[in-house]
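Coordinates in review
Here is what each chain is made of, one letter per residue.
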Amino acid sequence: MPIETTASVIAEVPGDAELLAVPYASDLAPAVELHLPVPDLLAHYEAKGEAGEIVEVPVARAGGVGRVLLYGVGDGSPRALRRAAAALTRKVKGRDTLTVVTPEGDVAVFAEAALLAAYSFKIGAAGKKPVRALVFAGADEAAVRRAAGVAGAVALARDLANTPSSVKDPSWLAERAAETGVPVEVWDEERLRADGFGGILAVGKGSARPPRLIKLSYTPAEPAERHVVLVGKGITFDSGGLSLKPNENMKTQKTDMAGGAVVIAVLGALAALKAPVRVTGLVAAAENMPSGTAQRPSDVITPYGGRTVEVLNTDAEGRLVLADALAYADAVLDPDAVVDVATLTGAITVALGRHVGAVYSTDDVLAKELVEAGQAADDRLWRMPLIEDYAPALESSIADLANVEAGSRFGAGSITAALFLREFAGRRPWAHLDIAGVGRSTVDEGTLSKGATGFGVRVLLEWLTRG
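Parameters and conventions
Residues numbered from 1 in each chain as written. Predicted model: local features only at pLDDT ≥ 70, side-chain atom pairs only at ≥ 80, totals over all residues. Heavy atoms only, no water. Helix = DSSP H or I, 4+ residues; strand = E, 2+ residues; numbered from the N terminus. Rg over C-alpha atoms; globule rule 2.2 N^0.38 Å. Buried < 20%, exposed > 50% of the residue type's maximum accessible area, 1.4 Å probe, protein only. Contact = heavy atoms within 4.5 Å. Areas by Shrake-Rupley, 256 points an atom, 1.4 Å probe, with all protein chains shown as cover. Lys, Arg positive; Asp, Glu negative; His and termini not counted. Charge placed at Lys NZ, Arg CZ, Asp CG, Glu CD. Polar contact = N/O pair within 3.5 Å; in protein donor to acceptor, adjacent residues only side chain to side chain. Salt bridge = Lys/Arg side-chain N within 4 Å of Asp/Glu carboxyl O. 1 Å grid on protein atoms, 1.4 Å probe; cavity = no way out; pocket = protein on both sides within 12 Å on 5 of 7 lines; lining within 4 Å. Points joined across faces, edges and corners; volume = space filled by probe spheres on them. Nonpolar A, V, L, I, M, F, W, Y, C, P; charged D, E, K, R; others polar. Pairing = 2+ DSSP bridges. Phe/Tyr/Trp six-rings, centres within 6.5 Å; stacked < 30°, edge-to-face > 60°. Lys NZ or Arg CZ within 6 Å of the ring centre and 35° of its normal. Core = buried A, V, L, I, M, F, W, Y, C linked by side-chain atoms within 4.5 Å.

Turning our eyes to something else, we now look at the overall build of the protein chain. Along its length, the protein chain carries 14 helices and 19 strands. A compact globule built from 467 residues should have a C-alpha radius of gyration of about 23 Å, and the protein chain, at 24 Å, falls within 12% of that. When its C-alpha atoms are laid out on the principal axes, the protein chain stretches across 80 × 45 × 40 Å. Taking all 467 residues of the protein chain together, the buried fraction comes to 55%. Across the protein chain, contacts joining residues at least 24 apart in sequence account for 76% of those joining residues at least 6 apart. Accessible surface for the protein chain amounts to roughly 19300 Å². Of this, 50% is attributable to carbon and sulfur atoms. The protein chain carries 47 positive and 58 negative side-chain charges, and their two centres are separated by 4 Å.

So, in structure tokens, the structure goes:
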């Protein structure tokens, strides 16, 4: 279910708006003239002008009583504007329309946050629904249109990841990819076997619902100088396989395909945002289940390209399906850069928590571009090291590689997972986004709702649409 709240722009502030939001800064001066004792009201409520602060005032309207929301914007920075916008949207749940006098500063940032805070995912009877329409008075229409495009892509990624796994399987995910409007090609299990995608097949063979490789293609209107491949982990449910997870750990595993959801959502948004780069998306989709046909710890599999992998833990399955897609991208697609995104390791949550994602990269320029794009888009990234001293953790006595460390000599599970992926990415610029900590939210506040966050959509769209 996409964001139900619509966004539109009007030139002037209407005098009869039933619900009107007017910004004020730390000097407590409102942005427009109101027939209200604003200074006295703000003093009465001990307002400070902080971002997210809201003073609600009843006003006479033709035929009844309306409301004015005086909202603080703090220092007007992008972070402050996001906080202010999210607070406004949350304040007016259940209302039909909110007319917003936009503050000074980045209108796109403000509108995007307001729309993201309106997201909800509910199966069955719901409580108060989000405000149905946001009307931005005096805003730049192009900025609001971009904000709506980005927020819509984030909402799609959240929807895909929040959908229960009783509905969502690899073929369902392929069907949703086909709805994005870009060309889509799908490998079923027979074609996966014929083309040598041993990682995806091994992970998916324990499930009654077979795996898929999904390829999406975007080509800009003008000839593109660059070709980028995005690779997403699409594990539609992760039980851990025979290396079974505890019950509590399984409850969030419908979102283990959040990286694949990000790739689908990004590819679907590129045309509207006029991205100047050619982009191919690969989603390696499988359901990781225990059964009589499931892969076993100690099995040796052969991902795309021919290197062998000893599977020491079937719950380290994401790297196996990504290995197939990365090796295929390197050998067949010949991109200028490859970026994969995956809820890969719990270890990264220990390192960076739930508000900052990790980026590993073999290329300093690519890493810098992604970190800067994340800062601008509020999908914040921190570059993590690829420590060569930990590479022996991947050694196997019987195969080319092991999918996890056999003992606990090195630890650093997120780093060793990234080192494993690097083995399949080739020598071209490559980056890995580990979003296990930031891909799911445990709180319902600000621009986030409990469940999938869509983290990765904004940073990738910012990166891909820059000139």
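Here the narrative resumes.
Here we come to the side chain of glutamate 462. Residue placement: glutamate 462 occurs in helix H14 (residues 457-465). Looking at glutamate 462, its side chain comes within polar contact range of the side chain of arginine 466, at 3.0 Å. Here glutamate 462 is in contact with Arg146, Ala373, Ala376 and Ala377, once residues within four sequence places are set aside.

A separate point is the pattern of salt bridges. Counted according to the given criterion, the structure contains 32 salt bridges. The closest approach of N and O atoms between aspartate 299 and arginine 296, which form a salt bridge, is 3.3 Å. When salt bridges with common partners are traced through the structure, they connect Arg79, Arg82, Glu112, Asp378, Asp379 and Arg458 into a single cluster.

Once that is clear, we can look at empty space enclosed by the protein. With a probe scaled to a water molecule rolled over the atoms, the places where space remains empty come into view. Per the stated rule, a full pass over the model turns up two cavities of 30 Å³ or more. Taken as a whole, the largest cavity holds about 40 Å³ of empty space. Around the largest cavity, the lining residues are Ala202, Val203, Gly206, Gly241, Leu242, Asn288, Met289, Ala294, Gln295 and Thr314. Counted by class, the lining of the largest cavity contains five nonpolar, five polar and no charged residues.

Turning our eyes to something else, we now look at the environment of glycine 346. Its place among the elements puts glycine 346 in the loop between strand E13 (337-342) and helix H11 (347-352). For the pair formed by glycine 346 and aspartate 434, sequence separation is 88 residues and the distance between their alpha carbons is 9.5 Å.

Okay, the layout of surface pockets next. If you add up the space inside the largest pocket, you get close to 840 Å³. Taken together, 38 residues form the lining of the largest pocket, with Lys245, Leu344, Thr345, Gly346 and Ala436 sitting closest to its centre. Of all the elements in the fold, those that place two or more residues in the lining of the largest pocket are strand E9 (227-238), helix H10 (318-333), H11, helix H13 (413-422) and strand E18 (440-441). Split into classes, the residues belonging to the lining of the largest pocket amount to six nonpolar, 19 polar and 13 charged. Approximately 690 Å³ is the volume found for the second largest pocket. His355, Asp378, Glu445, Thr447 and Leu448 are the residues nearest the centre of the second largest pocket, which is lined by 28 residues in total. Only helix H2 (78-91), helix H4 (141-162) and E18 provide two or more residues apiece to the lining of the second largest pocket. The element best represented in the lining of the second largest pocket is H2, accounting for seven residues.

Here three strands make up an open sheet; going across it, the order is E11-E12-E16 and the pairing mixed. Strands with a single pairing partner mark the edges of an open sheet, and in this sheet they are strand E11 (300-301) and strand E16 (401-402).

As a further point, take the packing of aromatic side chains. How two aromatic rings sit relative to each other is set out by the distance from centre to centre and by the angle between their planes. For the structure shown, the criterion picks out nine aromatic pairs. Centroid distance tryptophan 187 to tyrosine 328: 5.6 Å. Interplanar angle 75°. Geometry classified as edge-to-face. Pair noted here: tryptophan 187 is in strand E7 (residues 184-187) and tyrosine 328 is in helix H10, with a separation of 141 residues, a long-range link. According to the relative accessible area criterion, tyrosine 328 is buried, its value standing at 8%. The structure contains a cluster of three or more aromatic residues connected by ring pairs, namely Trp187, Phe197, Tyr304 and Tyr328. Sitting over the ring of tyrosine 119, arginine 158 keeps its end group 5.2 Å from the ring centre. Geometry around tryptophan 172 places arginine 176 over its ring, the cationic atom sitting 5.0 Å from the centre.

Most of H13 is tucked away, with eight of its ten residues classed as buried. All of the buried residues along H13 are Ser414, Ile415, Thr416, Ala417, Ala418, Leu419, Phe420 and Leu421.

Time to look at the pairing of strand E14 (residues 357-361). For a regular strand, side-chain orientation follows a simple rule: the groups alternate between the two sheet faces. Counting buried positions along E14 gives five out of five residues, so the element sits mostly inside the fold. The alternating pattern of E14 places Gly357, Val359 and Ser361 on one face and Ala358 and Tyr360 on the opposite face, and all of these are buried. Where E14 lies against strand E15 (residues 381-383), three bridges are found, and the strand directions are parallel. Across the sheet, alanine 358 pairs through a bridge with tryptophan 382, a residue of E15.

The biggest cluster of nonpolar side chains holds 82 residues, and the ones touching the most others in it are Leu98, Leu230, Leu370, Leu460 and Trp463. In terms of residue count, H4 provides more of this core than any other element does, ten residues in total. Ignoring any residue separated from it by four or fewer positions in sequence, one finds leucine 370 in contact with Val339, Val359, Leu381, Ala431, Leu433, Val459, Leu460 and Trp463. Residues Ala323, Ala327, Leu419 and Trp430 belong to the second largest nonpolar core, which totals 49 residues.

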